[in-house]
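# Observations on the three-dimensional arrangement
For reference, the chains in residue letters:
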Amino acid sequence: MNNRILEIIEFIEERMADSPELAFYIMEELITEGYNQDEIEEAITWIETYQQVREMESFFEISKNFQSINVKDDAYNYLVKSLEDGLIDDEYFDDLLSYCLLKDYKEIDLQKIISINIELKSIKFDLAKEARANFRAYSNNKDC
């Protein structure tokens, strides 16, 4: 991104903070200042993209119960993407962070969250397998 685009972004953000209802006049003012239409459109695209990212980040917040865990940006982005893609749900997310508390993990990066995820899925699979085995044993004893 070139400096002119950055200048436009700063200009727009300053003016929008002062008076958002005058957005149309901001465009005219930018053109009067010597910026061309392509530069203005590119700057607006950057602003819109940045706002969407900010909105998504504010949509997903870590519960106060887990504030003692420092989740690094890469791990946080991985979790958000997993939630968005439906790979995990809110309950499983809480299970992951609860497991981190149980193991006394204070800092979680991408590599750590992936290994915790694998470990937790393994534990859940083993517990489910054991529960099925216990149910079968109980059912068989009951039939005898």
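Residues numbered from 1 in each chain as written. Predicted model: local features only at pLDDT ≥ 70, side-chain atom pairs only at ≥ 80, totals over all residues. Heavy atoms only, no water.

Note that side chains of opposite charge can pair when their charged atoms are close. Scanning the entire structure with this criterion turns up five salt bridges. The partner of Glu107 in a salt bridge is Lys72, and the shortest N-O contact between them spans 2.9 Å. A residue pair is termed long-range when its members are at least 10 positions apart, and Glu107 in strand S2 (residues 107–108) and Lys72 in the loop between strand S1 (70–71) and helix H4 (73–84) qualify at 35 residues. Under the relative-accessibility criterion, Glu107 is labelled partly exposed at 45%. What makes Lys72 partly exposed here is its relative accessible area of 34%. Here Lys103 and Glu119 are joined by a salt bridge, their closest N and O atoms 3.7 Å apart. Placement of Lys103 in the loop between helix H5 (90–102) and S2 and of Glu119 in helix H6 (residues 110–143) is noted, with a sequence separation of 16 residues between them. Here Glu119 falls in the partly exposed class, since its relative accessible area comes to 28%. (Salt bridge = Lys/Arg side-chain N within 4 Å of Asp/Glu carboxyl O. Helix = DSSP H or I, 4+ residues; strand = E, 2+ residues; numbered from the N terminus. Buried < 20%, exposed > 50% of the residue type's maximum accessible area, 1.4 Å probe, protein only.)

Attention shifts here to the environment of Cys100. Structurally, the position occupied by Cys100 is in helix H5. Given the relative accessible area of 0%, Cys100 is considered buried. A sequence separation of 34 residues divides Cys100 from Phe66, and the C-alpha atoms of the two residues are 9.0 Å apart. With residues up to four places along the chain from it excluded, the contact list for Cys100 reads Ile69, Tyr105, Ile108 and Ile116. (Contact = heavy atoms within 4.5 Å.)

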